[in-house]
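Report on the structure
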Amino acid sequence: MPTASILGESDDHVRMAARLLREGELVALPTETVYGLAGNARLETTVRSIFTVKGRPLIDPLIVHVHDFSQVEELCADVPPIAHQLAEAFWPGPLTLILPKAPQVSDLLTAGHPTVAVRMPAHPLARRILQAADVPLAAPSANPFGYISPTCAEHVQESLGERIGWIVDGGPCQKGIESTIIDVSTPGEIRLLRPGPLTGEQISEALNGLPVTTPAATSSDKPVAPGMLTRHYSPHTPLTLVPNGQLPPAIPPTAPEGSSAWLATARPRADASSPAYTRYWFSETGALEDISQSLFGMLRKLDQAGHSHIYVELPPSDGLGLSLIDRLNRAAAR
Ligand code: AMP
Ligand code: MG
């Protein structure tokens, strides 16, 4: 079985990844959110191959990753002042801005939208590669469309290793969920399209309290952002969500004992009433940042462990917890 070659963080490997990318090859690389499947955003055939490799529908636009502001200006001729303010506050970091696109940006990249999604990632290795490649990189999450996003190089290898040539291993992702997407393309409106590591409150605070609106969730027919599809980030194993604090005694297991797994937000105290279940937890303490970091990795691990059903305890619904609940709702949708 062919597998992708793994590159590391040496200067030689960074130069090699950058050269491959400039020449139009696809390279999976680490970012602080999740691993991305990167390709030269200026090359139409490369952009097309990203969709093909992921099995991603062409209606689902890609995020372009940049190293500096001059690359933003290549993609967006007239950057709104609000975008400058947000970039100042959060870049490099887990924030994607939806901006009016420059005429030369390909419709394939933007799925025909008059807007383009742009992000300046913070991961040091991603930044070195972007700088050396000296081209903007289109990079959706490095997973087959609809499946759980990858948060380490092994995840990429196991699901795309036969379809791509190179993976840059930068260790586990620090944030663990995809970037927060903010649409600033409509004057006078700031819209949160996808919750992520940065919360709506943090965005609003950086803009001195300007309101940030959340458009009503769309379903499949006309997604503004496919991260907004009802079903996404999904394991193959049926997944049921349980309210915070109600795991496990309230769950009537539909499957034979032992075959369902339950996944708590924090390490449960030893509890004699629940020994029949296989127990897992996202985090020792239940800290939201830790849950975020391990969210997709734990879902993958349990999905591959042969359980008939996975029960997941929801995190508390405030701050980053809302972003995690968003991902879990989509993972559980059928
Ligand atoms: P992924 O990179 O797989 O996490 O997905 C990228 C996300 O950015 C998707 O949900 C896209 O729909 C969203 N996105 C990219 N470009 C645009 C755009 N022009 N307008 C709205 N959303 C976008
Ligand atoms: Mg994705």
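Residues numbered from 1 in each chain as written. Chains lettered and ligands numbered in written order. Predicted model: local features only at pLDDT ≥ 70, side-chain atom pairs only at ≥ 80, totals over all residues. Heavy atoms only, no water.

1. Notes on the UniProt feature "binding site: ATP" (unreviewed entry) in the protein
- Here the UniProt feature "binding site: ATP" (unreviewed entry) sits at Arg 56, Thr 115, Ser 141, Ser 149, Arg 194 and Tyr 233. Checking the annotated residues one by one, the ones that line the largest pocket turn out to be Arg 56, Thr 115, Ser 141, Ser 149, Arg 194 and Tyr 233.
- Tracing the backbone shows Thr 115 in strand β6 (residues 115–119).
- Of the residues examined, Thr 115 reaches a relative accessible area of 17% and is grouped as buried.
- When residues no more than four places from it in sequence are discounted, the contact partners of Thr 115 are Ile 98, Leu 99, Pro 100, Lys 101, Thr 110 and Ser 185.
- Following the sequence through the fold, Ser 149 ends up in the loop between β7 (137–138) and α7 (153–160).
- Setting aside residues up to four positions removed in sequence, Ser 149 forms contacts with Val 34, Ser 141, Asn 143, Glu 178, Tyr 233, Phe 296 and Arg 300. (UniProt positions renumbered as here; feature names shortened; annotations may be inferred. 1 Å grid on protein atoms, 1.4 Å probe; cavity = no way out; pocket = protein on both sides within 12 Å on 5 of 7 lines; lining within 4 Å. Helix = DSSP H or I, 4+ residues; strand = E, 2+ residues; numbered from the N terminus. Buried < 20%, exposed > 50% of the residue type's maximum accessible area, 1.4 Å probe, protein only. Contact = heavy atoms within 4.5 Å.)

2. A short note on empty space enclosed by the protein
- Inspection of the entire model under this criterion finds one cavity of 30 Å³ or more.
- When its volume is computed, the largest cavity comes out at roughly 50 Å³.
- Of the residues contributing to the lining of the largest cavity, the split by class is seven nonpolar, two polar and no charged. (Points joined across faces, edges and corners; volume = space filled by probe spheres on them. Nonpolar A, V, L, I, M, F, W, Y, C, P; charged D, E, K, R; others polar.)

3. Examining the pattern of salt bridges
- Under the counting rule described, the total for this entry stands at 13 salt bridges.
- Put simply, Arg 267 and Glu 284 hold a salt bridge, and the shortest N to O gap is 2.9 Å. A residue pair is termed long-range when its members are at least 10 positions apart, and Arg 267 in the loop between β12 (260–266) and β13 (278–283) and Glu 284 in the loop between β13 and α9 (288–303) qualify at 17 residues.
- Taking the relative accessible area as the measure of exposure, Glu 284 reaches 48% and is therefore partly exposed.
- One salt bridge in this structure joins Arg 327 and Asp 326, with 2.7 Å as the shortest N-O distance. We note that Arg 327, like Asp 326, is buried. (Salt bridge = Lys/Arg side-chain N within 4 Å of Asp/Glu carboxyl O.)

4. What about the side chain of Thr 46?
- Examined against the element boundaries, Thr 46 turns out to sit in helix α2 (residues 44–54).
- One polar contact links the side chain of Thr 46 to the main-chain carbonyl oxygen of Gly 24, over a distance of 3.0 Å.
- In contact with Thr 46, not counting residues within four places along its chain, are Gly 24, Leu 26, Gly 39 and Asn 40. (Polar contact = N/O pair within 3.5 Å; in protein donor to acceptor, adjacent residues only side chain to side chain.)

5. Examining the packing of aromatic side chains
- Evaluated as defined, the whole model comprises two aromatic pairs.
- Consider the rings of Phe 69 and Trp 91, whose centres lie 6.2 Å apart with planes at 50°: the pair is tilted. Taken together, the residues Phe 69 in helix α3 (residues 69–75) and Trp 91 in the loop between α4 (81–90) and β5 (95–100) connect sequence positions 22 residues apart.
- Phe 69 sits in the partly exposed class, given a relative accessible area of 23%. (Phe/Tyr/Trp six-rings, centres within 6.5 Å; stacked < 30°, edge-to-face > 60°.)

6. Concerning the packing of α9 against helix α10 (residues 320–332)
- Relative to each other, α9 and α10 sit at 15°, their axes nearing to 9 Å. In terms of orientation, α9 lies roughly parallel with respect to α10. Handedness of the α9/α10 crossing: left-handed. In this structure, α9 uses Leu 288, Glu 289, Ile 291, Ser 292, Leu 295, Phe 296 and Leu 299 to contact α10, whose residues at the interface are Leu 320, Gly 321, Leu 324, Arg 327, Leu 328 and Ala 331. (Axes fitted to C-alpha atoms, helices over the stretch in contact; angles between N-to-C directions. Parallel < 35°, antiparallel > 145°, perpendicular 65-115°, else oblique. Left-handed = near helix turned anticlockwise from the far one by under 90°.)

7. Thoughts on unusual backbone geometry
- Residues Trp 91 and Pro 92 are joined by a peptide bond in cis, for which omega reads -10°.
- With respect to the element layout, Pro 92 can be found in the loop between α4 and β5.
- Backbone geometry places Ala 111, a non-glycine residue, at a positive phi of 55°.
- Within the secondary structure layout, Ala 111 lies in the loop between α5 (107–110) and β6.
- A relative accessible area of 23% places Ala 111 in the partly exposed class.
- The residue Asn 208 is not glycine, and still its phi comes out positive at about 55°.
- Along the chain, Asn 208 falls in the loop between α8 (200–206) and β11 (239–242).

8. Describing the state of the cysteines
- All told, the structure shown has zero disulfides when counted by the stated rule.
- Of all cysteine sulfurs, the one in Cys 152 lies closest to Cys 173, which takes part in no disulfide; the gap is 7.8 Å.
- In this structure Cys 173 comes out as buried when scored by relative accessible area, which is 2%. (Disulfide = S-S within 2.5 Å.)

9. Brief notes about the packing of helix α1 (residues 11–22) against helix α6 (residues 124–133)
- Contact pair α1 / α6: the axes reach a minimum separation of 8 Å and the direction vectors enclose 55°. Between α1 and α6, the crossing angle belongs to the class labelled oblique. Between α1 and α6 lies a crossing whose hand is right-handed. Judged by residue contacts, Asp 11, Val 14, Ala 17, Ala 18, Leu 21 and Arg 22 of α1 engage Leu 125, Arg 128, Ile 129, Ala 132 and Ala 133 from α6.
- The residue inventory of the contact of α1 with α6, partitioned by class, reads eight nonpolar, no polar and three charged.

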